[in-house]
Amino acid sequence: MGVMKRLTNIVQAKANKVLDKAEDPRETLDLSYEKQIEQLQQVKRGLADVATAKKRIELQAQQLQQAAAKLQDQARQALAQNREDLATQALTRRSGIATQLEGLKTQHEQLAQQQERLEATTQQLQARVEAFRTQKETLKASYTAAQAQTRIGEAVSGISESMSDTGLAMQRAQDKIAQMQARAGAVDELLASGTLTDLSGSSDPIQAELDKASASGDVQLQLAQMKAELNPPAAAPSGELGAGNAGADEPVDGELVHDEPAAAASKTPADPFTLHDAGGAS
Amino acid sequence: MIVRILGEGQYELQDSQVAAMEELDKKLVAALDSNDETSFRDALTRLVQSVRSEGKPVPPDRFVPSGLTLPHETASLAELRELLASEDVGES
């Protein structure tokens, strides 16, 4: 059997399951009408779901774009600090985002396609429900005529076949939404875990590394300055030893850092939190 | 004969026009058997387009069952296979 005939049988078999319930064909007409109204509501809800899903993808794409821009900044920062390893890491992640964005784009297109189709389906269905409403009353009024009974049978078959087709169209739209949700969930997880850059910045490993690098560079610089201050000329062998020990303890103390605001400010534009973090770590 | 394009609607065609579609239907069957997406796409596109161009759309106030049914133009081989797989369930 050809594909076209097989498909017809399938669609009509699904249709019969929905409608072959009433004993009296006139009741079947009313039942068909009710089912159509129900389906029209379902399609409208389906349309709203598709629109929501599309919106979510658009928002995620925006988030990913921001994350990508941030990674690019970080790569530049890293290069400025001679940290090519960090720059590579940031750019690698950025290209990972590009892949994600591509996937989102495909899904967005598919959803837009589903939306377009469901909109057409809704319009068609609306016109048919309206036409069926008037026709079923005419058919019911002339029910006793044998001809009308045949027509009722045909109309009901036709209606239930359309409903089965609409049901399939909605199922396709829902499948696309489900696929999109699985992917969106995965992107959310990536964003949350910091595998991609978390925009809150709290769990961003590249930024942490950059901050640490700039801070520890600064600490080294300050240490060097202090050493220079404490041991100005040629060091005296024994007398300076005690002073040297005292000096070594002091950089650990946070207050000393604040005592030297001019030196810190001139060497790094970094924020104060960075200094504290790095001081504690070193 | 009435032909339905799934997700689109029904068209009325002359029997002679339907006969011309049978060759393409056979190609669909062959593509399904050999899992040939390219020839499937080609046959489906030509079928759908010939129904659209040669058939007369069934108006919304005419309620009739179809004699033949086509998948939507963008349906994939996998989608069609899945649909056909529901055959046994549907007819029980």
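This text goes with the structure placed above it.
Figured I'd write up the structure that's included with this text. Bear in mind the structure is a predicted one, so any value in this text is a computation, not a measurement. (Residues numbered from 1 in each chain as written. Chains lettered and ligands numbered in written order. Predicted model: local features only at pLDDT ≥ 70, side-chain atom pairs only at ≥ 80, totals over all residues. Heavy atoms only, no water.)

Helix and strand counts for chain B come out as 4 helices and 4 strands. Reading the helices (α) and strands (β) of chain B from amino to carboxyl end gives β-β-α-α-β-β-α-α. Out of the 92 residues in chain B, the part that is buried amounts to 49%. As presented, chain B carries roughly 4,500 Å² of accessible surface, and 52% of it is formed by carbon and sulfur atoms. (Helix = DSSP H or I, 4+ residues; strand = E, 2+ residues; numbered from the N terminus. Buried < 20%, exposed > 50% of the residue type's maximum accessible area, 1.4 Å probe, protein only. Areas by Shrake-Rupley, 256 points an atom, 1.4 Å probe, with all protein chains shown as cover.)

This part takes up the sheet that holds strand β2 (residues 9–12) of chain B. Reading across the sheet, the 4 strands line up as β3-β2-β1-β4 (chain B) and stay open at both edges, with mixed pairing between neighbours. Each end of this open sheet is capped by a strand with a single partner; those strands are β3 (56–57) and β4 (68–70) of chain B. (Pairing = 2+ DSSP bridges.)

Another point: the side chain of T122 of chain A. Residues and elements named next belong to chain A. In this fold, T122 is placed in helix α3 (residues 84–141). From its side chain, T122 meets the backbone oxygen of L118 in a polar contact 2.6 Å long. Discounting chain neighbours no more than four positions away, the residues touching T122 are L40, V43, K44 and L47. (Polar contact = N/O pair within 3.5 Å; in protein donor to acceptor, adjacent residues only side chain to side chain. Contact = heavy atoms within 4.5 Å.)

All names here are of chain B. In contact at an axis separation of 8 Å, helix α1 (residues 15–34) and helix α2 (residues 37–54) are set at 160° when each is read in the N-to-C sense. With respect to their mutual orientation, α1 and α2 come out roughly antiparallel. With respect to the hand of their crossing, α1 and α2 are arranged in left-handed fashion. Across from Q17, M21, L24, D25, K27, L28 and A31 in α1, the residues of α2 making contact are S39, F40, D42, A43, L44, R46, L47, S50, V51 and E54. (Axes fitted to C-alpha atoms, helices over the stretch in contact; angles between N-to-C directions. Parallel < 35°, antiparallel > 145°, perpendicular 65-115°, else oblique. Left-handed = near helix turned anticlockwise from the far one by under 90°.)

Let us look at the pairing of strand β1 (residues 2–5) of chain B. Residue and element names in this part refer to chain B. Of the two faces of β1, the one lined by I2 and R4 and the one lined by V3 and I5 are each fully buried. Across 4 bridges, β1 lies against β2 in antiparallel orientation. Along β2, the bridge assignment pairs I2 with E12. Between β1 and the antiparallel strand that follows it, β2, lie 3 residues; G7 among them carries a positive phi value of about 80°.

Bridge count for β2 of chain B against β3 of chain B is 2 bridges, and the pairing is antiparallel. When the bridges of β3 of chain B are listed, E12 of chain B appears paired with K56 of chain B.

Rolled over the atoms, a probe as big as a water molecule pinpoints where empty space is left. In this structure, the largest pocket encloses a volume near 360 Å³. In terms of lining, the largest pocket is formed by 18 residues, of which the most central are R172 and D175 of chain A together with E79, E82 and L83 of chain B. When residues of the lining of the largest pocket are traced back to their parent elements, those giving at least two are α4 (146–193) of chain A together with α3 (77–85) of chain B. By residue number, the principal contributor to the lining of the largest pocket is α4 of chain A, which donates 6 residues. Of the residues assigned to the lining of the largest pocket, the class counts are 7 nonpolar, 5 polar and 6 charged. (1 Å grid on protein atoms, 1.4 Å probe; cavity = no way out; pocket = protein on both sides within 12 Å on 5 of 7 lines; lining within 4 Å. Points joined across faces, edges and corners; volume = space filled by probe spheres on them. Nonpolar A, V, L, I, M, F, W, Y, C, P; charged D, E, K, R; others polar.)

The subject of this paragraph is the environment of V51 of chain B. All names here are of chain B. With respect to the secondary-structure elements, V51 resides in helix α2. On the basis of relative accessibility, which here comes to 0%, the residue V51 falls in the buried class. In this structure, the C-alpha to C-alpha distance between V51 and L70, residues 19 residues apart in sequence, is 9.4 Å.

Right, let's get into the interface of chain B and chain A. In this complex, chain B contributes 38 residues to the contact, which on the side of chain A involves 34 residues. Summing both partners gives a buried area of about 3,100 Å² for chain B against chain A, and 58% of it is carried by carbon and sulfur. Looking at the side of chain B facing chain A, the largest losses of area belong to R4, F63 and T69 of chain B, adding up to 22% of the total buried there. At the boundary of chain B with chain A, the tally comes to 2 salt bridges. With a shortest N-O distance of 3.0 Å, R4 of chain B and D165 of chain A are connected by a salt bridge. (Buried area = accessible area lost by both parts, 1.4 Å probe. Salt bridge = Lys/Arg side-chain N within 4 Å of Asp/Glu carboxyl O.)

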